[in-house]
Structures are given as C-alpha cells and as structure tokens.
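What follows is the residue order along each chain.
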Amino acid sequence: MALPEVKQTATEARLSALTMPDAGCTRAAREDALARVLETGLPGRRDEYWKYTQPDTLVSPDAPPAAVFADDEPLMFSGLDRLNIVFVDGEFSAEESDDLTLEGVTIDRLEDICCKDIHWAKDLYGVLETRGQSPVQRPLAALNTAFASDGVAIHVTGKPSKPINLIYRHASPTSDAILHHVIRVESGAEATILETGPAASRFNKCMEIDIADKGTLHHVRAQGRDHERRAATHMFTRLGTESVYKSFTLTVNGVLTRNEQVVELTGDDAVAHVAGACVGDGDFHHDDTVFITHDAVNCESRQVFKKVLRNGATGVFQGKILVKEGAQKTDGYQISQSLLLDDDSQFLAKPELEIYADDVACSHGSTSGAIDETALFYLRSRGVPVKDATNMLTLAFLAEAVDEIEDSALAEEIVSRLEGWLARRS
C-alpha cells in the first residue's frame, strides 16, 4: 500500500538529510531498518499513537535551534563514584570520558563494532527494535537503527563495582544527534546504567537491552536541562527467567520529549518496573508511551508515572499491558497521575489492558487534579508558607515514582534536583 503523499514527502525530506555510516557487522540490520522506514513512513499527526503529540519537529530535515544553558550547577550524580562515558552533540568525547575498562563489563563504541565483521552485538543490534515494531509501528526507532552514528555496546558479565554513566552534553544550538546503545546482561550479572544531560538540540536515542536468566539491570535517567531541546527516545528490553529490569526517568524542561519503553517478559518469574517523574513549566510537552508484554508465567510489571505541570504545560501518558495466552499468574500494575498547578495545563492519558489469560491480577488507573486543599490548609495552619507547602505536597506526589529507585543515593540525588527546580520556580 502506497504511503499518503504528505507522509512520503516528509519521509523523503528527512532521509535526504542523513547518511548511513559505514556499517560493518550492522549493515544488514541498518538496511532492513531503512526498508521499514520507507515502507511505513515517519510518524504524522494522524497516526494513532501520535494523536496527543505533534511529531513535526522530530521528523523535519533540520533540527530546530535550541539555546544552550550555561553549566551553572553540578553535573547529576557527580558525587558518586562512576565510570563516565561522554557524548557531545551525539559524538563520543574520548578526552572527557574515563577509561572504558571496568571489571565485570566490556564496553565498545558503536564505531568500533561497525569496523568488525564479528562482534557479540551483531546478534542484538536492531533485533529488539524490530520486535518492538509489532503491533505498533515505531518508525523513529527504525530511523535510529538505520542511521545512528555513535553509541556504545555494553556487555555485562559480572557485577561492576560502580555505575556506568552515559553523559550527554549539548554544545551547539543546531545539533542533531542520533545515538544507539546495545546492552547485554549475562546470566547472574548485575549493573547500573545512568544517563544524564540534554544531549543536543534534537535527540533521537535508541537503547536495546537483553537481560539473560537471573540477570539484573538498574537504569536511572535524568533528562534536562535546556528548555528548547527536543527528544525522542526508545528503550527495548527483553527479560529472561528470574531476571530483573528497573528503569526510572526524571524529565525537567524541554519543549518536546517523547519517551517510549517497550518491554517483553519472556522468561518465567521475571520482574520489570518502569517509572517516571516529570516537572514542566510553560511551553513544555512530555509524552510517556509504554508497552509491556507478558509472555511467561508468574511475572511482575509496574508502570508508575507522575507529572507536575503548570503555566500551560502538557503531559501525555499512553501505557499498555498485554498478557498473552498462557502467561498465567501475571501481576501487572499501572498508574499514571498528574498534578496540575493551574487551570491552563493539561494531562492526556490512554491506559490499556489486553488480557488473554484467566489467572492474572492486573490493574490500571489514571487521575488528574490540583493540589489537595485540605492538606495545603493543614500545612499553612501550622505556619508553613504557601509556596513551601505547595512544594512539600508536590514532592510527596512524586514520591511513589521516585521510590522505584532502589539505590538510596541515586534517589536522594533525584529528590535534590526536584527540590532545586521547585525552589527556582516558587
């Protein structure tokens, strides 16, 4: 079936501005991804999964300019011992990165993989992204697989002594970055991946994560801080038997952010928790789109998303739990809530359950509202100024999402940044 003319024209214009890197062992995956982009076209305003978010600036040939904020506050997680891997406007910076040697893990650049005919990542690059295209097409992820110019392949074989921190620096007001990361966690291995920084004026990032039986991956991401930036990110995760995946994202500022999580629980007794907290002000649009598939017995999934919006900001949540036939004893939980601090902001939600097994416990809920006036009155009656009381209640509202972070030091860092954001805007 031919693409509509508008979508075909937009897709051709975007592709004309891109060049596929020398592919090496990723060539087949890249060519397949490009063929899928040409077949489906890039997202448009009439696409069902984009009806709440306008994709125009994410698919235009050139990145809309975005002012670069001054580095006037410490880098996230700077007080923690971690291995730093730095990208500036989407390009790896050897000068700013640490040595990539760490016990229990091997790290290669995507550029190095492309120069080899044989590499473990060859069997993973583009594979989970391709699986994630059904039943919902995700053409921006396919575009990423085809044209990503940099990224890392992280092979976790043990338990590294410190987290791996992917740091994204934004230096040029017109930068347009496409990064692709591949992560393989072997049986019994465990690691923590951190992501921080605004990355570029426009950022397209894809991460494929394969967790073997009894493997564990913790992921904590902080998106910010430049307000005019735009980002579309995809995380595709496959879990084996008794494996664990826990991911948390904090988003502060950004004129447009679309975060997609696609999770497959393919082994019995697997656990997947995906959570997010975002705080937006003014010309701010934030979209969390999550699709979790239960395809094994006795698995647990949680989706916990909280958004604080004011001055006309918009929040979107699209979350689905699919329980396949035979996936008995599934425990699936989904909650999305927004706190609207004025009458101009809005929250748009589309929670979904699709269940083909009969022995399950699945629930979902979505609410939107203002500050609890009773709680606000209680605090004010005890001498707490209205601004401080509002901030306290806002942090309490976000707490359920932040509590999904197991590492207390990382959770404290997230809370500290939230407190700073609220203080600056009080």
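Source: prediction; values computed, not measured.

1. Let's talk about the overall build of the protein chain
The helix and strand inventory of the protein chain stands at nine helices and 19 strands. In the protein chain, which comprises 426 residues, the proportion classed as buried is 58%. Put simply, of all contacts in the protein chain between residues at least 6 apart along the chain, 84% involve residues at least 24 apart. Accessible surface, the protein chain as shown: approximately 17100 Å² in total, 49% of it carbon and sulfur. When the 42 positive and 68 negative side-chain charges of the protein chain are each reduced to one mean point, those points stand 2 Å apart.

2. Quick word on a negative patch on the surface
Residues Asp-213, Glu-242, Asp-268 and Asp-269 make up a contiguous surface patch of negative charge. Within the secondary structure layout, Asp-213 lies in the loop between β8 (202-211) and β9 (216-223). For Asp-213, a relative accessible area of 39% translates into the label partly exposed.

3. A look at helix α7 (residues 373-381)
Given 3.6 residues per turn, any residue in an α-helix points the same way as the ones three and four places further on. Between the side-chain oxygen of the N-cap and the backbone nitrogen of Thr-374 there are 2.9 Å, and the N-cap of α7 in question is Asp-372. Following α7 by one or two positions, Gly-383 adopts a phi angle in the positive range, close to 90°.

4. Some details on the UniProt feature "domain: SUF system FeS cluster assembly SufBD core" (unreviewed entry) in the protein chain
UniProt annotation of "domain: SUF system FeS cluster assembly SufBD core" (unreviewed entry) refers to residues 177-397 when read in the numbering used here. Helix makes up 10% of residues 177-397 and strand makes up 62%, while its end C-alpha atoms are separated by 34 Å.

5. Points about the layout of surface pockets
There is about 640 Å³ of room inside the largest pocket. The wall of the largest pocket is formed by 30 residues, among which Leu-75, Gly-197, Pro-198, Gly-224 and Arg-225 lie closest to the centre. Secondary-structure elements contributing two or more residues to the lining of the largest pocket are β1 (83-88), β5 (164-169), β9, β11 (244-252) and α9 (408-424). For the lining of the largest pocket, the leading source of residues is α9, giving four residues. Taken together, the residues that form the lining of the largest pocket break down as 14 nonpolar, seven polar and nine charged. Estimates place the volume of the second largest pocket at around 320 Å³. Elements represented by at least two residues in the lining of the second largest pocket include exactly α1 (5-16) and α3 (56-59). In terms of residue count, α1 provides more of the lining of the second largest pocket than any other element does, four residues in total.

6. Some details on the packing of aromatic side chains
Tallying each qualifying case throughout the model produces four aromatic pairs. Taking the centre distance of 5.2 Å and the plane angle of 55° together, the rings of Tyr-168 and Phe-203 count as tilted. Of this pair, Tyr-168 sits in strand β5 while Phe-203 sits in strand β8, and the two are 35 residues apart along the sequence. For Tyr-168, a relative accessible area of 4% translates into the label buried. Residue class for Phe-203 comes out buried when judged on its relative accessible area of 6%. Every member of this aromatic cluster is reached through a ring pair, and the members are Phe-87, Phe-92, Tyr-168 and Phe-203. Between Lys-350 and the ring centre of Tyr-49, over which it is positioned, the NZ or CZ distance is 4.9 Å.

7. Some points on the sheet that holds strand β18 (residues 346-355)
Within the open sheet, the nine strands sit side by side as β3-β4-β6-β8-β10-β12-β14-β16-β18. Their pairing is mixed. The outermost strands of the open sheet, each flanked by one partner alone, are β3 (105-109) and β18. Strand-to-strand twist of the sheet, defined as the mean angle between neighbouring strand axes without regard to direction, takes the value 10°. Strand direction decides the pairing type here: β3 and strand β4 (residues 152-156), joined by five bridges, are antiparallel. From the neighbouring strand, Val-105 faces β4, where its bridge partner is Val-156.

8. A look at the packing of α1 against helix α2 (residues 27-40)
Between α1 and α2, whose axes approach to 9 Å, the crossing angle comes to 150°. In terms of their interaxial angle, α1 and α2 are classed as roughly antiparallel. Each of Lys-7, Thr-11 and Leu-15 in α1 lies in contact with α2, whose residues at this interface are Leu-34, Val-37, Leu-38 and Thr-40. Along the lines of polarity and charge, the residues of the contact of α1 with α2 split into four nonpolar, two polar and one charged.

9. Considerations on helix α8 (residues 386-402)
Spanning 17 residues, α8 covers 24 Å between terminal C-alpha atoms, matching the ideal 24 Å at 1.5 Å per step. By the burial criterion, the buried members of α8 are Ala-389, Thr-390, Asn-391, Leu-393, Thr-394, Phe-397, Leu-398, Ala-401 and Val-402. Looking at the buried positions of α8, the neighbouring elements they touch are β11, β13 (271-281), β15 (300-310), β17 (330-340), α7 and α9.

10. Considerations on the nonpolar core
Within the largest apolar cluster, 48 residues are counted, with the highest numbers of intra-cluster contacts made by Ile-85, Ile-154, Ile-164 and Tyr-245. Dropping the residues within four chain positions of it, Ile-85 is found in contact with Phe-92, Ser-97, Leu-100, Ile-107, Val-152, Ile-164, Asn-165, Leu-166 and Ile-167. Core analysis: the second largest hydrophobic core is formed by 32 residues, Ala-141, Ala-146, Ala-148 and Val-255 among them.

Parameters and conventions
Residues numbered from 1 in each chain as written. Predicted model: local features only at pLDDT ≥ 70, side-chain atom pairs only at ≥ 80, totals over all residues. Heavy atoms only, no water. Helix = DSSP H or I, 4+ residues; strand = E, 2+ residues; numbered from the N terminus. Buried < 20%, exposed > 50% of the residue type's maximum accessible area, 1.4 Å probe, protein only. Contact = heavy atoms within 4.5 Å. Areas by Shrake-Rupley, 256 points an atom, 1.4 Å probe, with all protein chains shown as cover. Lys, Arg positive; Asp, Glu negative; His and termini not counted. Charge placed at Lys NZ, Arg CZ, Asp CG, Glu CD. Patch = residues over 30% accessible without salt bridge, like charges linked within 9 Å, V, L, I, M, F, W, Y side chains within 5 Å. Salt bridge = Lys/Arg side-chain N within 4 Å of Asp/Glu carboxyl O. Polar contact = N/O pair within 3.5 Å; in protein donor to acceptor, adjacent residues only side chain to side chain. UniProt positions renumbered as here; feature names shortened; annotations may be inferred. 1 Å grid on protein atoms, 1.4 Å probe; cavity = no way out; pocket = protein on both sides within 12 Å on 5 of 7 lines; lining within 4 Å. Points joined across faces, edges and corners; volume = space filled by probe spheres on them. Nonpolar A, V, L, I, M, F, W, Y, C, P; charged D, E, K, R; others polar. Phe/Tyr/Trp six-rings, centres within 6.5 Å; stacked < 30°, edge-to-face > 60°. Lys NZ or Arg CZ within 6 Å of the ring centre and 35° of its normal. Pairing = 2+ DSSP bridges. Axes fitted to C-alpha atoms, helices over the stretch in contact; angles between N-to-C directions. Parallel < 35°, antiparallel > 145°, perpendicular 65-115°, else oblique. Expected span 1.5 Å × (residues − 1). Core = buried A, V, L, I, M, F, W, Y, C linked by side-chain atoms within 4.5 Å.

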